[in-house]
Amino acid sequence: MVRINPSILAADFVNLERDLQRIPSADFVHVDVMDNHFVPNLTFGLQMVGRIQDVSPRPLDVHLMIEDVDRWAPEYARLGAYSVTFHAEATERPVDLARTLRSLGARAGIALKPGTAADGYLDLLAEFDQVLVMTVEPGFGGQSFMESTMPKLQRVREAVDAAGVDVWLQVDGGVDLSTITIARDAGADTFVAGSAVYGGADPDLRIAELRAAATGHSH
Ligand code: DX5
Ligand code: ZN
């Protein structure tokens, strides 16, 4: 099972409804919330994501790159986001927050920056529905895929399989037609792509190409 989640960080922010309509074959719409504190960039917040949710043809995969997730993450779940992913460093109590998100009906995700080890979370996998292994430093689109993160992704994959839990493994950053197979071979099943989807004339065709690449056989 392969999921392709276009990131609207690469869409036109004053034509978001139009750009959402251009990706009907997306599995989920990846929404990057940045607060200019957790990362050195700013996008949009709860009110904007609520309107995106109103008009989006596909469910939302919300990626919070913000501080104070204990306060804010549940609000995104209350909006009806399909999944809410917060960064490991943004809370002291990741398990409590994941349980809160699940109780509000959202899938709970934990994100690991390139420099953040997975070790402390491998025994807690049953508490989460998704682990996001960042393949760039969070904050900006259009960066190069960091292959150095693949051993961590492989370790998480092995731990998920060993535990027999249904946890999706997401990669985010620099995913394109060539790097998607690297991430797939390392164990990812859920792929975020911003520039690679919205960078061309036909975003939905790009999704099909990425999906074909990710479902093709490895060499
Ligand atoms: C980066 C964001 C990504 C970003 C990916 O901090 O989390 O979701 O949109 O963009 P690309 O696919 O262009 O690397
Ligand atoms: Zn993201």
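Heads up: the structure comes first, above all this text.
None of these values were measured; they are calculated from a predicted model.

A. Structural detail: the packing of aromatic side chains. In total, this model carries 4 aromatic pairs according to the counting rule given. Between the aromatic rings of phenylalanine 13 and phenylalanine 44, the centroid separation amounts to 5.3 Å while the plane-to-plane angle is 45 degrees, which identifies the pairing as tilted. Taken together, the residues span a long stretch of sequence, with phenylalanine 13 in the loop between strand E1 (3-6) and helix H1 (16-21) and phenylalanine 44 in the loop between strand E2 (29-34) and helix H2 (46-55) at a distance of 31 residues. Take phenylalanine 13: its relative accessible area is 33%, and that puts it in the partly exposed class. Every member of this aromatic cluster is reached through a ring pair, and the members are Phe28, Tyr82 and Trp168. For arginine 3, the ring lying beneath its charged end belongs to tryptophan 168, and the centroid distance is 3.5 Å.

B. Spatial organisation of the site of ligand 1. Within the structure, ligand 1 sits among 20 residues, and Ser7, Gly139, Asp172, Gly194 and Ser195 are positioned closest to it. One of the side-chain N or O atoms of histidine 30 is found 3.3 Å from an oxygen atom in ligand 1. At a separation of 2.7 Å, an oxygen atom of ligand 1 approaches a polar backbone atom of glycine 139. Only E2, strand E3 (60-65) and strand E8 (190-193) provide two or more residues apiece to the shell around ligand 1. Of the residues in the shell around ligand 1, the class split is 8 nonpolar, 10 polar and 2 charged.

C. Spatial organisation of the coordination of the zinc ion (ligand 2). The protein atoms that coordinate the zinc ion (ligand 2) are His30 (NE2), Asp32 (OD), His63 (ND1) and Asp172 (OD), at distances of 2.0 to 2.3 Å. With 6 donor atoms in place around the zinc ion (ligand 2) and angles of 71 to 172 degrees between them, the coordination shape is octahedral. Here the donor residues of the zinc ion (ligand 2) share one chain and are spaced in sequence as H-x1-D-x30-H-x108-D. Linking histidine 30 in strand E2 with histidine 63 in strand E3, this pair joins segments that are 33 residues apart in sequence. Assigned by exposure class, histidine 30 and histidine 63 land together as buried.

Cut-offs applied
- Residues numbered from 1 in each chain as written.
- Chains lettered and ligands numbered in written order.
- Predicted model: local features only at pLDDT ≥ 70, side-chain atom pairs only at ≥ 80, totals over all residues.
- Heavy atoms only, no water.
- Phe/Tyr/Trp six-rings, centres within 6.5 Å; stacked < 30°, edge-to-face > 60°.
- Helix = DSSP H or I, 4+ residues; strand = E, 2+ residues; numbered from the N terminus.
- Buried < 20%, exposed > 50% of the residue type's maximum accessible area, 1.4 Å probe, protein only.
- Lys NZ or Arg CZ within 6 Å of the ring centre and 35° of its normal.
- Near = heavy atom within 4 Å.
- Polar contact = N/O pair within 3.5 Å; in protein donor to acceptor, adjacent residues only side chain to side chain.
- Nonpolar A, V, L, I, M, F, W, Y, C, P; charged D, E, K, R; others polar.
- Donors = N, O, S within 2.8 Å, 3.2 Å for Na, K, Ca; no water.
- Tetrahedral: all angles 85-135°; square planar, octahedral: opposite > 155°, others 65-115°.

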